[in-house]
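# Residue-level structural notes
Residue strings, one per chain:
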Amino acid sequence: MVDDGAQVFRAGRSGLIVRVPEAEPAVRAWRDRLDPSARAGVPAHVTVLFPFLDASRIDQGVCAAIKEVLGGHRAFEARFDHCGRFPGVLYLAPEPDSHFRRLTEAIVERWPENPPFGGQIDDVVPHLTVAQGQDETVLEKAEADVLISLPIVAHVSAVELLVHDGTRWRQRASFPLGSPGW
């Protein structure tokens, strides 16, 4: 979760994420070194929507609406068994990614004034960032190391609202998904 690619976090920014604690052992050291959001307090995650509303606009009514939108989606499992790349970025790719896409679509349908990544990206690819803003040599080294720990299977049962306080990202709320359909 980086503001407009500038790697500067502004107080009041918010985002909705799926925390992936199962990935932390594989990616934490790389993220701490090579992902500014990790250094600012963001755990290993797949972004549902960033940026979301300014923190000053998030009240009980907004939280109730988020809960209602997300409560209609069932908990699910995601498997991370390979890496992917964007220019200068290494990420873990979730399979299936359709559950993450549906979460994003549902939130954007409710808050269309907040398109993913400010509308800068047409096809949002669900991913867990390991490193960003790095040259190919660094990405190759990180990828080789991370691949040893794959696959990772994550149980996704909630979406978290994070807010930047001017120094760090902090969890403000967690919204459970519905019961799994397993």
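See the structure shown above.
Now for a description of the structure that goes with this document. (Residues numbered from 1 in each chain as written. Predicted model: local features only at pLDDT ≥ 70, side-chain atom pairs only at ≥ 80, totals over all residues. Heavy atoms only, no water.)

## Quick look at the nonpolar core
Counting 49 residues, the largest nonpolar core has Val27, Phe52, Ile66, Phe80, Leu92, Ile107 and Leu128 as its most contacted members. Grouped together as the second largest cluster of nonpolar side chains are 7 residues, Ile17, Val42, Phe50 and Leu162 included. (Core = buried A, V, L, I, M, F, W, Y, C linked by side-chain atoms within 4.5 Å. Buried < 20%, exposed > 50% of the residue type's maximum accessible area, 1.4 Å probe, protein only.)

## Observations regarding the pattern of salt bridges
Per the stated rule, a full pass over the model turns up 10 salt bridges. Here Arg28 and Glu24 are joined by a salt bridge, their closest N and O atoms 3.2 Å apart. Of this pair, Arg28 and Glu24 both sit in helix H1 (residues 24-34), 4 residues apart, which is roughly one turn of that helix. Given the relative accessible area of 13%, Glu24 is considered buried. With a shortest N-O distance of 2.6 Å, Arg85 and Glu143 are connected by a salt bridge. Here Arg85, found in strand S3 (residues 76-86), pairs with Glu143, found in helix H5 (residues 136-147); they are 58 residues apart in sequence, far enough to count as distant. Note on Arg85: relative accessible area 30%, which makes it partly exposed. (Salt bridge = Lys/Arg side-chain N within 4 Å of Asp/Glu carboxyl O. Helix = DSSP H or I, 4+ residues; strand = E, 2+ residues; numbered from the N terminus.)

## Quick notes on the packing of aromatic side chains
When we look at a pair of aromatic rings, we describe it by the centre distance and by the angle of the planes. Counting across every chain of the model gives 4 aromatic pairs. Note on Phe50 and Trp169: the rings are 6.0 Å apart at their centroids and 70° apart in plane angle, and the pair reads as edge-to-face. One end of the pair, Phe50, is in the loop between strand S2 (45-49) and helix H3 (60-71); the other, Trp169, is in strand S8 (residues 169-176), with 119 residues separating them in the sequence. A single burial state applies to Phe50 and to Trp169, both of which are buried. (Phe/Tyr/Trp six-rings, centres within 6.5 Å; stacked < 30°, edge-to-face > 60°.)

## Regarding the sheet that holds S3
The strands that make up a sheet are held in pairs by hydrogen bonds between backbone atoms, and each pair lies either parallel or antiparallel. With antiparallel pairing, 4 strands are arranged side by side in an open sheet as S5-S4-S3-S6. On the outer flanks of this sheet lie strand S5 (128-132) and strand S6 (152-156), each paired with one strand and no other. Pairwise comparison of adjacent strand axes, ignoring direction, gives a mean angle of 30° for this sheet. By the bridge criterion, 5 bridges tie S3 to S6 in an arrangement that is antiparallel. Paired with Glu77 across the bridge in S6 is His155. Contacts from H1 reach strand S4 (89-95), S5 and S6 within the one sheet, and its direction differs from that of S5 by about 45°. With respect to the sheet, helix H4 (residues 98-110) is in contact with S3, S4 and S6, its orientation differing from that of S3 by roughly 90°. (Pairing = 2+ DSSP bridges. Axes fitted to C-alpha atoms, helices over the stretch in contact; angles between N-to-C directions. Contact = heavy atoms within 4.5 Å.)

## Observations concerning the side chain of His164
Topologically, His164 is positioned in strand S7 (residues 158-164). In contact with His164, not counting residues within four places along its chain, are Phe9, Arg10, Ala11, Gly12, Arg13 and Trp169.

## Here's the deal with the side chain of Glu160
By secondary structure assignment, the location of Glu160 is in strand S7. You can call Glu160 buried: its relative accessible area is 10%. Within the structure, the side chain of Glu160 is placed 2.9 Å from the side chain of Arg19, a separation counted as a polar contact. Those residues within four positions of Glu160 in sequence are excluded, and the remaining contacts are Gly15, Leu16, Ile17, Arg19, Gln171, Ala173 and Ser174. (Polar contact = N/O pair within 3.5 Å; in protein donor to acceptor, adjacent residues only side chain to side chain.)

## Let's talk about the sheet that holds S7
Spatial strand order, S2-S1-S7-S8: 4 strands in an open sheet with antiparallel pairing. Only two strands of the sheet have a single neighbouring strand rather than two, namely S2 and S8. On average, adjacent strands in this sheet sit at an angle of 35° to one another, irrespective of strand direction. Bridging between strand S1 (residues 14-19) and S2 involves 4 bridges; their strand directions are antiparallel. Bridging from a neighbouring strand, Leu16 pairs with Leu49 of S2. Those strands touched by H3 are S1, S7 and S8, and its axis lies near 50° from that of S8.

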